[in-house]
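Here are the chains, one letter per residue:
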Amino acid sequence: HTRKVNSDAASPEADIVVNTGVTGAVVDKGTMMKFMPYFAQSVRHGLQDMGISSLPQLRDGLYSGNLRFEIRSPNAQKEGGVHD
């Protein structure tokens, strides 16, 4: 987000744009290698959900047109969820 700050009320041309919002530093947590097994397992689960057994099969399905994705709006996702 940005916010205009007028440094001189008599001169509207002197508006200054200042970035606003949350800022912070990320502490170094080390190498990504310790997270790779979790990432790989998540990819495997996603492929399994799609009925795909390998990355080459995923690529082939995408480029051949046999595997297609649809975009669903947030409202459609909510409507398709579990109802009380």
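Cut-offs used in this document
Residues numbered from 1 in each chain as written. Predicted model: local features only at pLDDT ≥ 70, side-chain atom pairs only at ≥ 80, totals over all residues. Heavy atoms only, no water. Helix = DSSP H or I, 4+ residues; strand = E, 2+ residues; numbered from the N terminus. Buried < 20%, exposed > 50% of the residue type's maximum accessible area, 1.4 Å probe, protein only. Contact = heavy atoms within 4.5 Å. Areas by Shrake-Rupley, 256 points an atom, 1.4 Å probe, with all protein chains shown as cover. pLDDT = per-residue confidence, 0-100. Polar contact = N/O pair within 3.5 Å; in protein donor to acceptor, adjacent residues only side chain to side chain. Expected span 1.5 Å × (residues − 1).

1. Some details on the overall build of the protein
Turning to step 1, where the next piece is worked out: Helix and strand content of the protein: three helices and two strands.
Turning to step 2, where the next piece is worked out: Taken from N to C terminus, the helices and strands of the protein fall in the order β-β-α-α-α.
Turning to step 3, where the next piece is worked out: Within the protein, the fraction of its 84 residues that count as buried is 7%.
Turning to step 4, where the next piece is worked out: Contacts in the protein between residues at least 24 apart in sequence constitute 0% of all its contacts with a sequence separation of at least 6.
Turning to step 5, where the next piece is worked out: With an accessible surface of roughly 8000 Å², the protein has 56% of that area assigned to carbon and sulfur atoms.

2. Regarding the confidence of the model for the protein
Turning to step 1, where the next piece is worked out: Looking at the protein as a whole, its pLDDT mean stands at 80, while 71% of the residues score no less than 70.
Turning to step 2, where the next piece is worked out: The least confident element of the protein is strand β1 (residues 2-6), whose mean pLDDT is 57; the most confident is helix α2 (residues 55-64), at 94.

3. Here we look at α2
Turning to step 1, where the next piece is worked out: The backbone nitrogen of Q57 has a side-chain oxygen 3.2 Å away, supplied by the residue at the start of α2, namely S54.
Turning to step 2, where the next piece is worked out: Following α2 by one or two positions, G65 has its phi on the positive side, about 90°.

4. Section: helix α1 (residues 36-50)
Residues lying three or four places apart along an α-helix face the same way, a consequence of the helix completing one turn every 3.6 residues.
Turning to step 1, where the next piece is worked out: In a regular helix each residue adds 1.5 Å, so 15 residues correspond to 21 Å; α1 covers 21 Å between its end C-alpha atoms and thus fits that length.
Turning to step 2, where the next piece is worked out: One or two positions beyond α1, positive phi appears at G51, with a value near 80°.

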